[in-house]
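# Notes for the structure review
One letter stands for each residue in the lines below.
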Amino acid sequence: MSSKFNKELQTLVRDKVISPELADKIEQYYATKDVGKPNRLFAIFGVFGALLVGAGIILMLAHNWDDFSRATKTILAFVPLLIGQLIAGYAILKEKSNAWKEASGTFLFFAVGACIALISQIYNIPGELGSYLLTWIVLCLPLIYLLRSHAVTLLIIILSTYYAVEVGLWNYRSRQTPWLYFVFLLGVIPYYWMLLKRNVSSNAVTIFNWILPGSIAIALSAFVGRDGTLGFIMYITLFGLLYNIGRLLIFKELRTLRNGYLIIGSLGTVICLLIFTFKWVWDELPGTSDYGSQSWYIALILFVIAIAMVGFKIWKNGIKAINLFQVAFIGFWVVYFAFSDIGVLPVVLMNMLVLTLGISAIKIGADKFNFGILNYGLLIISVLIACRFFDTAMSFVIRGILFVLVGAGFFVTNYIMLKRQQKIKKQLKDLQV
């Protein structure tokens, strides 16, 4: 138990918030709770150690690689794979610690990739990078559940994302739709769900809360066809869906910074909508879109899922439980499909929507006494005003006044919030006395 925690207990006893007996019980409880707890630092260094050992072996072999015969090269290609399998098998059969499983899983993961690459090079087996990544992922996916390894799960997600953009975006010679990305994602979800049910506030879950939505946002670019406008619709809908996932009951007690779905969904929504506050974007839109393309069907599927989540939330908690960020994507769909041809009306509506989002964030921050969310709302409004400097004919005086007003808004709102927070703390202290 940390010295900081002990000091906090002593402070509570000194201020007569808790009794010395209760402080002793709390100290004993956390002391017994930490017994047998795996050393996270040891697991992290185990993973890095496995990476360094693997890299060292490859470098030593690479130095004299051309001097070896084909048979020797083949044996050397399989040696790291066999060593990795033996260590992983030992960790499973002997029920070793998580550090053992993380390190052995990481070593075996890269040993599989190295073996595939070396055999292909030794026997001149042709193939695309996408097929290489596909084989690597398929062979290593079972390791997630055999070793219960966070590191392997993280590596699978990263490799799956790389596979998606390589096959669907970067490979110009034979561009395909990487549908298998969703299969790999479904293969990871059960493990992620198990971690969520066990401890939603753990560091591992926090990492996955950022990596998974980030991976989906990156990989979606591989499914955008030639119609860039439909790509924007896909992304705005995806960010709305991610934000609604972040608002699920299971994430309710999480701090905002631990909820990647919420932050990525919110930032993505605001950035996409800000782009559509410019008049030239609407002027450049094509007259018609290909509503028979895969981009349209993906956007439609994302929209239906997001709408279903919003509807379920309303059904369970009522309309008051919904904030504007959860339904902003619906507003975009309405403006795009109903008013995009009516002069400057869509531009005005988009500006109003972004402004309302900023005000909504300010209100959420004020209600929760969260300075981060409050200032985020003010930042949205500030960026919106700055954007209007580029496509409006406002004078420098008006622009200066607007900046002064926004700056004053930052100071005044934060000052009011700070005073309210101090007042509530004082009232609570008086009640305790």
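Not measured: the values here are computed from a predicted model.

Procedures and definitions
- Residues numbered from 1 in each chain as written.
- Predicted model: local features only at pLDDT ≥ 70, side-chain atom pairs only at ≥ 80, totals over all residues.
- Heavy atoms only, no water.
- Helix = DSSP H or I, 4+ residues; strand = E, 2+ residues; numbered from the N terminus.
- Buried < 20%, exposed > 50% of the residue type's maximum accessible area, 1.4 Å probe, protein only.
- Contact = heavy atoms within 4.5 Å.
- Axes fitted to C-alpha atoms, helices over the stretch in contact; angles between N-to-C directions.
- Parallel < 35°, antiparallel > 145°, perpendicular 65-115°, else oblique.
- Left-handed = near helix turned anticlockwise from the far one by under 90°.
- Nonpolar A, V, L, I, M, F, W, Y, C, P; charged D, E, K, R; others polar.
- pLDDT = per-residue confidence, 0-100.
- Phe/Tyr/Trp six-rings, centres within 6.5 Å; stacked < 30°, edge-to-face > 60°.
- Core = buried A, V, L, I, M, F, W, Y, C linked by side-chain atoms within 4.5 Å.
- Salt bridge = Lys/Arg side-chain N within 4 Å of Asp/Glu carboxyl O.

## Some words on the overall build of the protein
Check the secondary structure of the protein and you find 18 helices and 0 strands. Out of the 433 residues belonging to the protein, those deemed buried represent 42%. Taking the contacts inside the protein whose residues are at least 6 apart along the sequence as the reference set, 68% of them involve residues at least 24 apart.

## A look at the environment of Arg226
Note on placement: Arg226 falls in the loop between α10 (203-219) and α11 (228-246). A relative accessible area of 91% means that Arg226 is categorised as exposed. Along the chain, Arg226 and Ser295 lie 69 residues apart, while their C-alpha atoms are 8.9 Å from each other.

## A look at the packing of helix α4 (residues 70-93) against helix α5 (residues 98-122)
Contact geometry of α4 with α5 gives a least axis separation of 8 Å together with a crossing angle of 160°. One element, α4, and the other, α5, form an angle in the roughly antiparallel class. Seen from above, α4 lies across α5 with left-handed handedness. Across the contact of α4 with α5, the residue classes break down as 18 nonpolar, 4 polar and 3 charged.

## Concerning the confidence of the model for the protein
Per-residue pLDDT for the protein has a mean of 83; in total, 82% of the residues score no lower than 70. In the predicted structure, residues 34-38 sits below a pLDDT of 50 and forms 2 contacts with residues beyond four places in sequence or in another chain.

## Describing the packing of aromatic side chains
Summed over all chains, the structure comprises 30 aromatic pairs. Arranged with centres 5.8 Å apart and planes meeting at 40°, the rings of Tyr235 and Phe239 form a pair that is tilted. Remark: Phe239 and Tyr235 occur in helix α11; sequence separation between them is 4 residues, near one turn of the helix. Given the relative accessible area of 17%, Tyr235 is considered buried.

## A few points about the packing of α5 against helix α6 (residues 129-140)
Direction vectors running N to C along α5 and α6 enclose 140°, while the axes themselves pass 10 Å from each other. Classified by the angle between their axes, α5 and α6 sit oblique to one another. Note that α5 runs across α6; the crossing there is right-handed. Here Phe109, Phe110, Val112, Gly113, Ile116 and Ala117 of α5 come into contact with α6, specifically with Tyr132, Thr135, Trp136, Leu139 and Cys140. Classifying every residue of the contact of α5 with α6 by side-chain character gives 9 nonpolar, 2 polar and no charged.

## A short note on the nonpolar core
Nonpolar side chains tend to gather and get buried jointly when the protein is soluble and globular. Core analysis: the largest hydrophobic core is formed by 92 residues, its most contacted members being Trp136, Ile156, Leu273, Phe276, Trp282, Phe332 and Met350. Ranked by residue count, the leading element in this core is α11, at 10 residues. Of all hydrophobic cores here, the second largest spans 9 residues; its members include Ile362, Phe389, Val406 and Met417.

## Digging into the pattern of salt bridges
Applying the stated criterion across every chain, the model contains 2 salt bridges. Across the pair Lys363 and Asp367 runs a salt bridge, and its minimum N-O distance is 2.9 Å. Within this pair, Lys363 and its partner Asp367 are both found in helix α16 (residues 345-368), separated by 4 residues, close to a single helical turn. The pair formed by Lys363 and Asp367 is uniform in burial state, with each residue classed as exposed.

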